[in-house]
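# Structural characterization, general
Given next are the chains, with one letter for each unit.
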Amino acid sequence: MALLIVLAALAFLMLVAYRGYSVILFAPVAALGAVLLTDPGLVAPMFTGLFMDKMVGFLKLYFPVFMLGAVFGKVIELSGFSRSIVAGTIGLLGEKRAILSIVLVCALLTYGGVSLFVVVFAVYPFAAELFRQARIPKRLIPGTIALGAFTFTMDSLPGTPQIQNIIPTAFFGTDTWAAPWLGTLGSVFILAAGLLYLERRRRKAAMTGEGYGDDLANEPVAFTGEKLPHAFVALLPLVVVGVANKLLTMAIPRVYGSTQSFVPTIVGSAPPVVQDVSKVAAIWAVEGALLLGIACVLAFAWRPVATRFAEGSKAAVGGALLASMNTASEYGFGAVIAALPGFRTVADALHAIPNPLVNEAVSVTALAGITGSASGGLSIALGAMSQSFIENAHAAGIPMEVLHRIAAMASGGMDTLPHNGAVITLLAVTGLTHRQSYRDIFAITVIKTLAVFVAIVAYYALGVV
């Protein structure tokens, strides 16, 4: 019965997310409903002492990353830099390589620190125009954008500033550049296999005479060729974010040491606040890099950004609040579920997997799939099981960097089930339905999940990190 209660809570959260209801509202409902059926007397204590505590703790660490990422994406959009990058890539590769062009543009923006959601909005108009000219079915656009934005640049490539690559740093004491060879190898596998799959789908459609499509929803206005910044200037802020992230990752521990303490008031006798720098250095590095990226955009495009920044920044901050609150609510939900007796059965089943890396990969991707969120599932898995992962890794002589990379990559595997928020947003923006386009998104998901096990095999067979 305890296990059924846990599964029912998870199924309920999946259902309401799939139907489009707010996770912020229904995550506590699902969590506390499970507590009510387990021990009614613990509903209020668990809500305040566990759900809200974990939720607020997540926001304390990661909301600045969400906010700065959203603002950076917005100024990239307002400046015309994103359009310039897209137009330059298309001009370089040509219309016949439409799928590769859009994948590379999405990858470039995502690896540069632009929010996944911003990438969807920024790239879709150009993807639609390019696919129309190349007579590629519009239904392949979601899978193409998913490959470029939701896979290897989200959590596999070393140094990516996306939240899925940042979360493990707080648990394993690593940085975002952990296990660079494994991450690069997994990224190459995802990109090659994903492009082969999408090109196969394109050729099959061409053989049957299927074109772009007619009477489609949410068609963007055709791009008329407004004057854009030079592509190299548009690329500069993305380069700044990547380079600054690396430099700050190395510099912050040297400047601050392992811990910093200060007295929060000069009145009274308040105890000193002690900050463990090792647990937040990677987060600080990403925040600093995004600030420098924003400053770079403003330096080159002050006028177009300044005229619309007031409204644009409101939208960016609103989006960051929603995204971070969604994930934080799922984190609180996971903490409550992990405290229930039924979760022990799930954890014991996952712990029964003997190999430490396979254990971690299956645990993370399973919980990411259940919650429909890469960052949410990753936070739940590491919050509940990271100590076990660390102990097993030490016993097997596995570096923490490998644990970081496998966990990050696994989070972006089965998270993209139909109820995933990014999937729902992507389909809504493109004006397509699950029936039309989810098959391709799911295929990319399978490739992404397989890449985790390719990395595990490479580590054991070649010893590369």
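Before any of the text, the structure's been laid out above.
Residues numbered from 1 in each chain as written. Predicted model: local features only at pLDDT ≥ 70, side-chain atom pairs only at ≥ 80, totals over all residues. Heavy atoms only, no water.

## A short note on the overall build of the protein chain
Scanning the protein chain from terminus to terminus reveals 20 helices and two strands. Taking 23 Å as the expected radius of gyration for a compact globule of 465 residues, we find that the protein chain reaches 22 Å, a close match to that expectation. With the principal axes as the frame, the protein chain shows a C-alpha extent of 60 × 55 × 45 Å. When each of the 465 residues of the protein chain is scored for burial, the buried share is 52%. Excluding contacts between residues fewer than 6 apart, the proportion of contacts in the protein chain whose partners are at least 24 apart in sequence is 79%. Summed over its atoms, the accessible surface of the protein chain is roughly 19700 Å², and 66% of this surface lies on carbon and sulfur atoms. Taking the 28 positively charged and 23 negatively charged side chains of the protein chain as two groups, their mean positions are separated by 7 Å. (Helix = DSSP H or I, 4+ residues; strand = E, 2+ residues; numbered from the N terminus. Rg over C-alpha atoms; globule rule 2.2 N^0.38 Å. Buried < 20%, exposed > 50% of the residue type's maximum accessible area, 1.4 Å probe, protein only. Contact = heavy atoms within 4.5 Å. Areas by Shrake-Rupley, 256 points an atom, 1.4 Å probe, with all protein chains shown as cover. Lys, Arg positive; Asp, Glu negative; His and termini not counted. Charge placed at Lys NZ, Arg CZ, Asp CG, Glu CD.)

## Considerations on the environment of Ala320
Relative to the assigned elements, Ala320 resides in helix α14 (residues 309-338). Residue classification places Ala320 among the buried residues on the basis of a relative accessible area of 2%. Once the C-alpha coordinates of Ala320 and Gln133 are considered, the two residues, 187 residues apart in sequence, prove to be 34 Å apart. For Ala320, the residues in contact, after removing those within four places along its chain, are Phe63, Phe66, Met67 and Ala70.

## Quick notes on the layout of surface pockets
Volume-wise, the largest pocket comes out at about 1200 Å³. Lining the largest pocket are 47 residues, with Phe117, Gly319, Leu322, Ala323 and Asn326 sitting closest to its centre. Looking at the lining of the largest pocket, the elements that each hand over two or more residues are α3 (43-78), α6 (116-133), α9 (163-172), α14, α17 (374-396) and α19 (421-430). No other element matches the nine residues that α14 contributes to the lining of the largest pocket. Residues belonging to the lining of the largest pocket are distributed by class as follows: 23 nonpolar, 20 polar and four charged. (1 Å grid on protein atoms, 1.4 Å probe; cavity = no way out; pocket = protein on both sides within 12 Å on 5 of 7 lines; lining within 4 Å. Points joined across faces, edges and corners; volume = space filled by probe spheres on them. Nonpolar A, V, L, I, M, F, W, Y, C, P; charged D, E, K, R; others polar.)

## Brief notes about the packing of aromatic side chains
Under the definition given, this model contains six aromatic pairs. Ring centres of Phe47 and Phe51 lie 6.0 Å apart, and the angle between their planes is 15°; on these two criteria the pair is classed as stacked. Of this pair, Phe47 and Phe51 both sit in helix α3, four residues apart, roughly one helical turn. Take Phe51: its relative accessible area is 1%, and that puts it in the buried class. Relative to Tyr460, the ring of Tyr459 has its centre 5.3 Å away and its plane inclined at 65°; by these criteria the two rings are edge-to-face. Cation over ring: Arg132 sits above Tyr212, and NZ or CZ is 5.0 Å from the ring centre. (Phe/Tyr/Trp six-rings, centres within 6.5 Å; stacked < 30°, edge-to-face > 60°. Lys NZ or Arg CZ within 6 Å of the ring centre and 35° of its normal.)

## Overview of the environment of Phe117
Residue position: Phe117 is located in helix α6. Taking relative accessible area as the criterion, Phe117 reaches 35% and is therefore assigned partly exposed. Once the C-alpha coordinates of Phe117 and Ile398 are considered, the two residues, 281 residues apart in sequence, prove to be 35 Å apart. Excluding its chain neighbours within four sequence positions, the residues that come into contact with Phe117 are Gly421, Ala422 and Thr425.

## Section: helix α2 (residues 23-38)
Look at α2: 22 Å from first C-alpha to last across 16 residues, which is about the 22 Å you get at 1.5 Å a residue. Among the residues of α2, those classed as buried are Val23, Phe26, Ala27, Pro28, Ala30, Ala31, Leu32, Ala34 and Val35. (Expected span 1.5 Å × (residues − 1).)

## What about the side chain of Ser79?
Along the polypeptide, Ser79 turns up in the loop between α3 and α4 (81-93). Judged by its relative accessible area of 7%, Ser79 is buried. From its side chain, Ser79 meets the backbone oxygen of Val75 in a polar contact 2.9 Å long. At 3.0 Å, the side chain of Ser79 and the backbone oxygen of Ile76 are in polar contact. Filtering out sequence-adjacent residues up to four positions away, Ser79 remains in contact with Pro229, Val297, Ala301 and Val305. (Polar contact = N/O pair within 3.5 Å; in protein donor to acceptor, adjacent residues only side chain to side chain.)

## A look at the nonpolar core
Tyr62, Phe72, Phe131 and Phe333 are the most contacted members of the largest nonpolar core, which totals 140 residues. The element best represented in this core is α3, accounting for 16 residues. Dropping the residues within four chain positions of it, Phe72 is found in contact with Gly112, Gly113, Val114, Pro237, Leu238, Val241, Leu290, Gly293, Ile294 and Val297. (Core = buried A, V, L, I, M, F, W, Y, C linked by side-chain atoms within 4.5 Å.)

## Describing the side chain of Thr445
Along the polypeptide, Thr445 turns up in helix α20 (residues 434-462). Thr445 gets classed as buried once you look at its relative accessible area, which sits at 2%. Not counting residues up to four positions away in its chain, the partners in contact with Thr445 are Gly413, Met414 and Thr416.

## A word on a positive patch on the surface
Side chains of Arg200, Arg203, Lys204 and Arg439 sit close together on the surface and give a patch of like positive charge. With three residues, the single largest contributor to the positive patch is helix α10 (residues 180-207). Along the chain, Arg203 turns up in helix α10. For Arg203, a relative accessible area of 43% gives the class partly exposed. (Patch = residues over 30% accessible without salt bridge, like charges linked within 9 Å, V, L, I, M, F, W, Y side chains within 5 Å. Salt bridge = Lys/Arg side-chain N within 4 Å of Asp/Glu carboxyl O.)

## Thoughts on a nonpolar patch on the surface
A grouping of Leu236, Val239, Val243, Leu247, Met250 and Phe300 is seen on the molecular surface, where their side chains present a nonpolar patch of about 520 Å² in accessible area. Structurally, the position occupied by Leu236 is in helix α11 (residues 231-256).

## Overview of unusual backbone geometry
A positive phi angle, close to 55°, is found at Arg135, a residue other than glycine. Tracing the backbone shows Arg135 in the loop between α6 and α7 (141-149). A residue is classified by how much of its surface remains accessible, and Arg135, at 55% relative accessible area, is exposed. Unlike most non-glycine residues, Ala179 shows phi in positive territory, near 45°. Within the element layout of this structure, Ala179 appears in the loop between α9 and α10.

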